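Architecture at a glance
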Amino acid sequence: MEAAGAGVAPIRAQYLTSKEQFHAYLKAERESRNQENNQDDGEEDPSSNDQTEPPAKQMKLDGADQVRNQGSQEEVVKEEEKKPQERKRARGQNKSRPCMKPNHYEKDRLCQSVIQECAEKCYFGSQCRFLHDVGEYMAVKPSDLGDSCILFKTFGKCIYGVTCRFARAHLGEDYRNFVNEDLVKQWEGKPLVRNSLSKELQQRLRKKKVCFDKSSEYLSHLGKPSSTGNAGNKAAGNSTGEEGMTNCTASKGNAEGVDVLPPGEETPEYLAVSEKGEASESMVLQSSCLADASKDSTLKTIGPVTDEDVIKLRLCEKKRLDIQGKLYLAPLTTCGNLPFRRICKRFGADVTCGEMAVCTNLLQGQSSEWALLKRHHTEDLFGVQLEGAFPDTMTRCAELLNQTIEMDFVDINVGCPIDLVYKKGGGCALMNRSNKFEQIVRGMNSVLDVPLTVKIRTGVQEKVNLAHKVIPNIRKWGASMVTLHGRSREQRYTKVADWEYIAECAKLASPMPLFGNGDILSYEDANRAMQTGVSGIMIARGALIKPWIFTEVKEQRHWDISSNERFDILKDFTNYGLEHWGSDTQGVEKTRKFMLEWLSFLCRYIPAGLLEYLPQKINERPPYYMGRDYLETLMASQNVDDWIKISEMLLGPVPTNFIFLPKHKANSYR
Ligand SMILES: Cc1cc2nc3c(=O)[nH]c(=O)nc-3n(C[C@H](O)[C@H](O)[C@H](O)COP(=O)(O)O)c2cc1C
């Protein structure tokens, strides 16, 4: 694939501007709009503005500017300007990120028992630190943000009741909530979001009362000493530090677990057969032992074939992952939340995946981690992505999810570069820990009824490619698909993705499908990627910068989308966010936080009509330019304050002391 070198995006001369002019324009616009707002407090829908109007008259803000406390923002910026050397961070991690939970924005909160209309049942009684008097709460409640509550409008009721920031739509004078029975009935028995963690399961997980029969069986085989000696035994220790975890495989790894596999090994016969869908007698045995056996001259089994073996799902009977040629929206921590995925589905993403979930947190029943597994009913081909470093926790977690949630595949994140994960031996580190990697893939595969996929990078170091060595093994261990991000851990987003290498790896992976990933921002990029022989493509930042990329690829065109249409996408995200995170203050602020994270990518989009020549390249930095209207210019701003402004148009003024620093570094163009 053609390398998109570092550089500046080719914007047509008439739109170019200097940084100073750009910000002066936005500032002047803001002030003139504020003045107008002061004269007339009536709300106006910004998207109803005519694009052909001169920019200065196109939009009126909602008075948020006067209310917003900019002091703290500016202080942060000044602080950062003062001490550039002190801002040393671990790569890829935003350590100075302020930790302000949305619920801190609301000092006086109403007790849940009252919201659910059963005050007398408050479990904490007089010890409860929340308010129990609705009148008292209403006196301090922040003002409503609008007249229409998306939850009430869509579902006929709003579970946030008096705490909803749009409660005017459903609150009577006596604080009683209205319910639209007809609408409620329409939605009855139709779960829109699946994979929630029930209280009952959470309790069982916390009390360690969940059975992991299949995992125990697999792990017990790992525990048996291998007849070929115990070279891998030490390396095969588990996450709980248990002794005696041995490697049942005829170990190919050395004591450090470093990959010493000969490249280009043939697919074992049992796998080749399974790919054709024809069962052989030997397939009833556990796959891990079979694979070992196939390498040894003397066949080793785990004992006589029993009824239990016969009823086990055979690899060849696993549901196949029908994914050829599909457009895969990448798993995206923080940004790839359910509301964002809904947007991408609408624009044509075929496959979606939850944000990376840490297997140990899921096993502990942590609600926030389980929230990452939620699936919207529109996500018809949906996977969950797991991260972990040890076969015991990863296998148990896979078994747990297999029993409890609905997913079409499980993906292992073997591409995660962040120190926190890497230093524990997870993510990208697994590419160098082939014993553990093998045990994880085989273990998870043995307990899952759905296909297992693996996402990897080219390697760890910049010039030491590992993927071509690892991929034939991943296939042999039984994975259904591999996604290869064409960059190493060391590279992060510097340098372009290596599509030539992806092409080589796609050949090696065959017949296992390989999806290519890296730098796709246009249909031309997608076409070039498909020509490398991959089975499909995964799109990450391209979808964050322009979620309509899926439509562009499917319709083979550039879409010169207007700023109003883009604003409408944000409106939809707002509604999906309020639906997902809630329409009370906490939900509103969570929606804002995730919108701001997304805006830190969205601002990188350059309208197609402004480019000297198409298409925009992901690694080219946009220069300062004027949009064709105020909104387009505002959306091009790389300034956090302007992102906050956009969020205020949709979610009202930010709370006092509001601070936002994007989690991901979105501005890497090299
Ligand atoms: C904000 C953000 C979050 C990401 N989170 C994950 C993740 O949770 N799991 C994962 O495997 N990759 C994650 N990635 C990496 C992407 O899936 C993808 O491999 C990478 O961005 C390269 O693709 P691109 O060039 O299309 O952006 C993330 C990337 C970004 C920008």
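Residues numbered from 1 in each chain as written. Predicted model: local features only at pLDDT ≥ 70, side-chain atom pairs only at ≥ 80, totals over all residues. Heavy atoms only, no water.

Heads up, the rule is: UniProt positions are given in the numbering used here, feature names are shortened, and annotations may be inferred rather than shown by experiment.
As recorded by an unreviewed UniProt entry, the chain carries the name tRNA-dihydrouridine(47) synthase [NAD(P)(+)] and is attributed to Mauremys mutica. Its UniProt record gives the chain a comment under Sequence similarities (unreviewed entry), which states: "Belongs to the dus family. Dus3 subfamily." In the Cofactor (unreviewed entry) part of its UniProt record, the chain is described as follows: "FMN".

Overview of the site of the ligand
What counts, and what does not: One heavy atom within 4 Å of a molecule or strand is enough for the residue carrying it to be called near that molecule or strand. Distance and chemistry together define a polar contact, namely a pair of N or O atoms within 3.5 Å, with one atom able to donate a hydrogen and the other to accept it when in protein, and with adjacent residues in sequence counting only for side-chain atoms on both sides. Residue classes follow a fixed rule: Ala, Val, Leu, Ile, Met, Phe, Trp, Tyr, Cys and Pro count as nonpolar, while Asp, Glu, Lys and Arg count as charged, and any other residue, Gly among them, counts as polar.
Taken together, 18 residues sit near the ligand, with T333, Y493, N517, D519 and R541 positioned nearest. A distance of 2.6 Å separates an oxygen atom of the ligand from a polar atom in the side chain of Y493. Contacts to the ligand include D519, whose backbone N or O atom sits 2.7 Å from an oxygen atom. Residues of the shell around the ligand, tallied by class, amount to seven nonpolar, seven polar and four charged.

Section: helix α20 (residues 499–509)
Keep this limit in mind: Burial classification: accessible surface area is computed with a 1.4 Å probe over protein chains only, and a residue below 20% of its type maximum counts as buried, one above 50% as exposed, and the rest as partly exposed. Helix and strand labels come from DSSP, where a helix needs a run of H or I of at least four residues and a strand needs a run of E of at least two; each type is numbered from the N terminus. Contacts are assigned to residue pairs that have any heavy atoms within 4.5 Å of one another.
Considered for burial, the residues of α20 that qualify are W499, Y501, I502, A503, C505, A506 and A509. Contacts from the buried residues of α20 go to α19 (467–477), β10 (481–485), β11 (514–517), α21 (523–530) and β12 (536–539). For α20, the N-terminal cap is D498; the gap from its side-chain oxygen to the backbone nitrogen of E500 is 3.3 Å.

With respect to the packing of helix α24 (residues 563–581) against helix α25 (residues 585–602)
Condition: Whenever a helix is involved, its axis is fitted only over the stretch in contact; in every case the axis is a line through C-alpha atoms, and angles between N-to-C directions fall within 0 to 180 degrees. By convention the crossing between two helices is left-handed if the near helix lies anticlockwise of the far one by an angle smaller than a right angle, and right-handed if it lies clockwise.
For the pair α24 and α25, the least separation of the axes is 9 Å and the interaxial angle reads 145 degrees. With respect to the hand of their crossing, α24 and α25 are arranged in right-handed fashion. Within the contact between the two elements, α24 uses R566, I569, L570, F573, T574, G577, L578 and W581 and α25 uses G587, V588, K590, T591, F594, M595, W598, L599 and L602. A class-by-class count of the residues in the contact of α24 with α25 yields 11 nonpolar, four polar and two charged.

Things to note about the pattern of salt bridges
As a reminder, the rule being used: The salt bridge definition used is simple: a Lys or Arg side-chain nitrogen within 4 Å of an Asp or Glu carboxyl oxygen.
The tally for this structure, following the rule as stated, stands at 27 salt bridges. Across the salt bridge formed by R30 and D642, the nearest N and O atoms sit 2.1 Å from each other. With R30 in helix α1 (residues 19–39) and D642 in helix α27 (residues 640–651), this pair connects stretches of sequence that are 612 residues apart. Just as R30 is buried, D642 falls in that class too. With a shortest N-O distance of 2.9 Å, R628 and E632 are connected by a salt bridge. For R628, a relative accessible area of 27% puts it in the partly exposed group. Judged by relative accessible area, which is 1%, E632 ranks as buried.

Considering the environment of V454
Within the element layout of this structure, V454 appears in strand β9 (residues 452–457). Remark: the alpha-carbon pair of V454 and D411, spanning 43 residues in sequence, is separated by 5.2 Å. What V454 contacts, discounting residues up to four positions off in sequence, is D411, I412, V414, F437, V441, I474, A479, M481, V482 and T483.

What about unusual backbone geometry?
Of the consecutive residues S510 and P511, the connecting peptide bond is found in the cis state with omega at 10 degrees. Checked against the element boundaries, P511 lands in the loop between α20 and β11. Following L614, the chain continues into P615 via a peptide bond in cis, with omega recorded as 0 degrees. Structurally, P615 is set in the loop between α25 and β13 (620–621). Located in the positive-phi region is N195, a residue other than glycine, with phi close to 75 degrees. Counting through the fold element by element, N195 comes out in the loop between β2 (193–194) and α8 (199–206).

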